[in-house]
Amino acid sequence: MEDNQELLRALSDAVVGMDEDAARVLAGQALSSGLDASDVLSRGLIPGMKAVGEKYEAGEYFVPELLLCSDALYAGLDVLRPHLLASQLPSAGRVVIGVVEGDTHDIGKNIVRIMLEGSGFEVVDLGANVPHHFFVDAAVQHRADIIALSSLMATAMEGMGAVIDILARRGLRDQFKVMVGGSPVSAAFARKIGADGYAPNATGAVRLAHSLVSSSSRGIGAAPRP
Amino acid sequence: MADLSEKERLFRALSGQECDRPPVIAPGGMMSPLTARLLEASGLDGEMARAGPDTMALATVTAREAVGLENLGVPFCLTVEAEALGARVSPGTRSVEPLVVRPALPSAEHLASLRLPDPLREPRMSAVLEAIRILKVRYPDVPVVGNLSGPVTLATAIVPTSQLLRLLVRNESLACDALRLATGTIIGFGEAMLDAGADALVVGDPTATGEIIGPATFKKLVLPQYQAIFSAFRARGAKSVLHICGDVTAVLPSIRSSGADAFSMDSMMSIRKARDQLGPMPLMGNTSTLLLARGTPDRVAAAVRRALAEEVEVYAPSCGLDRSTPLENLRTMCEAVKSWDGDGQADLEASHERR
Ligand code: B12
Ligand SMILES: [Zn+2]
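Conventions we followed
- Residues numbered from 1 in each chain as written.
- Chains lettered and ligands numbered in written order.
- Predicted model: local features only at pLDDT ≥ 70, side-chain atom pairs only at ≥ 80, totals over all residues.
- Heavy atoms only, no water.
- Contact = heavy atoms within 4.5 Å.
- Buried area = accessible area lost by both parts, 1.4 Å probe.
- Salt bridge = Lys/Arg side-chain N within 4 Å of Asp/Glu carboxyl O.
- Polar contact = N/O pair within 3.5 Å; in protein donor to acceptor, adjacent residues only side chain to side chain.
- Helix = DSSP H or I, 4+ residues; strand = E, 2+ residues; numbered from the N terminus.
- Nonpolar A, V, L, I, M, F, W, Y, C, P; charged D, E, K, R; others polar.
- Donors = N, O, S within 2.8 Å, 3.2 Å for Na, K, Ca; no water.
- Buried < 20%, exposed > 50% of the residue type's maximum accessible area, 1.4 Å probe, protein only.
- Near = heavy atom within 4 Å.
- Pairing = 2+ DSSP bridges.
- Axes fitted to C-alpha atoms, helices over the stretch in contact; angles between N-to-C directions.
- Phe/Tyr/Trp six-rings, centres within 6.5 Å; stacked < 30°, edge-to-face > 60°.
- Lys NZ or Arg CZ within 6 Å of the ring centre and 35° of its normal.
- Core = buried A, V, L, I, M, F, W, Y, C linked by side-chain atoms within 4.5 Å.
- Parallel < 35°, antiparallel > 145°, perpendicular 65-115°, else oblique.
- Left-handed = near helix turned anticlockwise from the far one by under 90°.

A.B. asks: Teacher, can you tell me more about the interface of chain B and chain A here?
C.D. replies: A common way to state how big an interface is: give the accessible area lost once the parts meet. If you look at the interface, chain B gives 18 residues, while chain A gives 14 residues. Both faces combined, the contact of chain B with chain A buries some 1,400 Å², and carbon together with sulfur accounts for 66% of it. When the buried area of chain B at its contact with chain A is split by residue, R166(B), R170(B) and I212(B) rank highest and sum to 35% of it. At the boundary of chain B and chain A, one finds 1 salt bridge. Close ionic contact of R166(B) with D71(A) constitutes a salt bridge, the shortest N to O distance being 2.7 Å. Inspection of the chain B/chain A interface yields 3 residue pairs in polar contact (both at pLDDT 80 or more). Broken down by secondary-structure element, the contributors of at least two residues to the side of chain B that touches chain A are α7 (161-170), α9 (215-235) and α12 (289-294) of chain B. Counting residues per element, the side of chain B that touches chain A draws most heavily on α7(B), at 6 residues. Residue classes in the side of chain B that touches chain A are distributed as 7 nonpolar, 6 polar and 5 charged.

A.B. asks: Quick question: what am I supposed to make of the coordination of the zinc ion (ligand 2) here?
C.D. replies: Metal coordination angles have textbook ideals: 109.5 degrees for a tetrahedral set of four donors and 90 or 180 degrees for an octahedral set of six. All names here are of chain B. Those protein atoms acting as donors to the zinc ion (ligand 2) are H243 (NE2), C245 (SG) and C319 (SG), and they sit at 2.1 to 2.2 Å. Taken in sequence order, the residues that donate to the zinc ion (ligand 2) follow the motif H-x1-C-x73-C. Of this pair, C245 sits in the loop between β6 (239-244) and α10 (252-256) while C319 sits in the loop between β9 (314-317) and α14 (327-338), and the two are 74 residues apart along the sequence. Accessibility classification places C245 together with C319 in one group, the buried group.

A.B. asks: Mind showing me how you'd approach the site of ligand 1 here?
C.D. replies: Residues in close proximity to ligand 1 total 42 residues, the closest being T104(A), H105(A), S150(A), A154(A) and M30(B). Per-site note: the chains with residues close to ligand 1 are chains A and B. At 2.6 Å from an oxygen atom of ligand 1 is found a side-chain nitrogen or oxygen belonging to T104(A). Within the backbone of A154(A), one N or O atom sits 2.8 Å away from an oxygen atom of ligand 1. If you list the elements that add at least two residues to the shell around ligand 1, you get α5 (107-118), β3 (146-150), β4 (177-181) and α10 (202-214) of chain A.

A.B. asks: In this structure, what is going on with the sheet that holds strand β2 (residues 121-125) of chain A? I would like to understand it.
C.D. replies: Backbone-to-backbone hydrogen bonds pair the strands of a sheet. The strands run either parallel or antiparallel. Residues and elements named next belong to chain A. Strand order in this open sheet of 5 strands is β2-β1-β3-β4-β5, and the pairing throughout is parallel. Of all the strands in the sheet, just β2 and β5 (197-198) have a single pairing partner and so form its edges. Note that strand β1 (residues 93-99) and β2 share 5 bridges and pair parallel. Bridging across to β2, R94 finds its partner in E122. The sheet strands contacting α10 are β2, β3, β4 and β5, and the helix crosses β4 at an angle near 165°.

A.B. asks: Is there a simple way to think about the packing of aromatic side chains in this case?
C.D. replies: Two aromatic rings, taken as a pair, are described by how far apart their centres are and by the angle between their planes. Throughout the structure, instances matching the rule amount to 2 aromatic pairs over all chains. Each ring, one from F218(B) and one from Y226(B), has its centre 5.9 Å from the other, and the planes form 45°; the classification is tilted. A residue is classified by how much of its surface remains accessible, and F218(B), at 0% relative accessible area, is buried. Overall, the relative accessible area of 1% leaves Y226(B) in the buried class. Residues Y226(B) and F230(B) carry aromatic rings whose centres are separated by 6.3 Å and whose planes lie at 35° to one another, so their mutual orientation is tilted. Residue Y226(B) and its partner F230(B) are located together in helix α9, separated by 4 residues, close to a single helical turn. Like Y226(B), the residue F230(B) is buried in the burial classification. Every member of this aromatic cluster is reached through a ring pair, and the members are F218(B), Y226(B) and F230(B). Its guanidinium or amino end placed over the ring of Y61(A), K55(A) lies 5.5 Å from that ring's centre, counting from NZ or CZ. The ring centre of F11(B) lies 5.6 Å from the NZ or CZ of K239(B), which sits over that ring.

A.B. asks: Can you help me understand the nonpolar core in this one?
C.D. replies: In this structure, I158(B), F233(B), I255(B), F263(B) and M333(B) are the most contacted members of the largest nonpolar core, which totals 158 residues. Among the elements that line this core, the one with the most residues is helix α8 (residues 172-196) of chain B, at 13 residues. Leave out the neighbours within four places in its chain, and I255(B) touches L242(B), I244(B), V248(B), F263(B), L278(B) and M281(B). Counting residues in each nonpolar core, the second largest holds 29 residues, with V100(A), V180(A), V185(A) and I193(A) among its members.

A.B. asks: Would you mind going over the coordination of the cobalt atom of ligand 1 with me for this structure?
C.D. replies: Among all protein atoms, only H105(A) (NE2) binds the cobalt atom of ligand 1, sitting 2.2 Å from it. Its location among the elements puts H105(A) in the loop between β1 and α5.

A.B. asks: Hey, could you run me through the packing of helix α2 (residues 20-32) of chain A against helix α4 (residues 63-80) of chain A in this one?
C.D. replies: Relative placement of two packed helices is described by the angle separating their axes and the distance separating the axes. Residues and elements named next belong to chain A. Contact geometry for α2 and α4: axes closest at 8 Å, N-to-C directions at 30°. Classified by the interaxial angle, the pair formed by α2 and α4 is roughly parallel. Note that α2 runs across α4; the crossing there is right-handed. Counting all contacts with α2, which are made through E20, A23, R24, A27, G28 and L31, the residues of α4 involved are D71, A72, A75, G76, V79 and L80. Residue composition of the contact of α2 with α4, grouped by class: 7 nonpolar, 2 polar and 3 charged.

Next up, the structure:
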């Protein structure tokens, strides 16, 4: 049991240490030592990615480090995946994410995606410069819980409201939570367009996503800044 | 000193010499002054990546005359060097600037297949050079600014952004190969701009922001590129400006030793705090482009006066203008600089109260 603790800690450290090979090997070792794949994920890889997020917010890690940590996370996840029964998959929920039409800034969106995946969400990434109705089509197709909209441009940001209008027009507004973010976006803007929440950064986005899926009732308004 | 020409004033300001007041410019390139209204007014469709020399000259002259800017400058985006190296570019519309839509290479492994472009033969580069020559003949007393892409931004048009960012930490030598190719391209194009008569060069490097690359990586891998670029321009006797977007607090020490004559900064940076770190380096900036797009003329004038009260050497917007920016705000901005009486005490007090 203690050995298992050690292994899980080492796996978490491999993610924090950007060590793809170690993450792969340690995930395999954890499985062969009899640990359950979903435990390896939730007690090894996910805590590692959480620590990475903290280092990023603290200004210790920057975008390059974060990308390399996420490579280690995915390497470990690839080893676990065949052993995770679909029913066992500890999915926190499903998110459709993208950068709204008119904007190609995708670095922040990629970070939010990585942190969501690192905390147990399944994420469908639509990329950048995404036409408004694509978000709705993809959310329906993938039966998403959350639609996450990113924009760094004040002009493109207005399109976030258009996505919500399309949802309303198709009678789908109650089926999905909508969260918004990006540097010009604010909680006030989120409220104005009728989004369900706003977060100023990736760790805030993760907290917000968890609270959105767990809140069964709608109409909570934009979440306060964490 | 009241009879300084616009060219002399900008030159003095960039040299840290005293002036009657700061010049007011919008250099061009990623800090382009073109707005949808200006493009419409000059009858241009906004496909600036396809524009020939006459169209480019017309666009910058229109911008200058419509609002009162004290410079001319070409090109109007960050895609010229990228396209010359093989990236795919969308040409732009009145409301969206030209953008890199696909980098030149799928992977850095293929870097050896690229050659340094020859600015005199490469079509987009030579069109920019011709535009500079046209402007110099017609406007001998107005400073003509040559605008260049920065090495990090250009490197992310050579190989995919996320790959370049990983290489900066994982494989320094490959990252450096990409950065050096970018640097060589920038130096070659910049020197050709000087040969064509450019009076100053502005290098814009949004992707080098301190928010994306940490200070250690910046100092080790990015700073040497700036030093190579600016020492090459300095050797030619040229004045050059570095612009990096966003919060650059963490990389100010590197910016100080970049060799650029002046630093142009975003509105989120305090001029006073930056000056503590940058010493005698002249500063350019820095009214929020969002305020210029959405604010009332009164608020624009107040923001301009605040920047002047903080003794910015060259007055300019903080970054690229939003294409929806109203002309009235830009006129107000230029007018506020030209009518500056040098007394900013009231403006500073007002801004402190607000904070
Ligand atoms: C890097 C950059 C670029 C790169 C983009 C590379 C890429 N692949 O993304 C390049 C060079 C290509 C570029 C181009 C342009 N850019 Co630019 N760019 C930037 C810059 C410097 C940094 C953006 C960044 O990546 N930051 C780092 C990431 C990690 O932070 P972030 O994106 O904010 O994301 C965090 C949060 O916002 C949040 N978040 C993000 N998305 C979401 C989503 C949800 C749901 C949630 C909850 C949270 C969330 O979490 C993230 C992680 O913590 C900014 C300046 C700035 N300070 O923002 C300008 C900036 C965004 N660019 C700007 C402009 C105008 C442009 C251009 C039009 C040309 C120009 N003049 O610069 C072009 C064209 C863009 C287009 N039409 O698509 C302006 C936008 C102005 C505005 N607000 O309208 C800015 C603000 C610069 C400025 N001061 O004017 N740019
Ligand atoms: Zn900028």
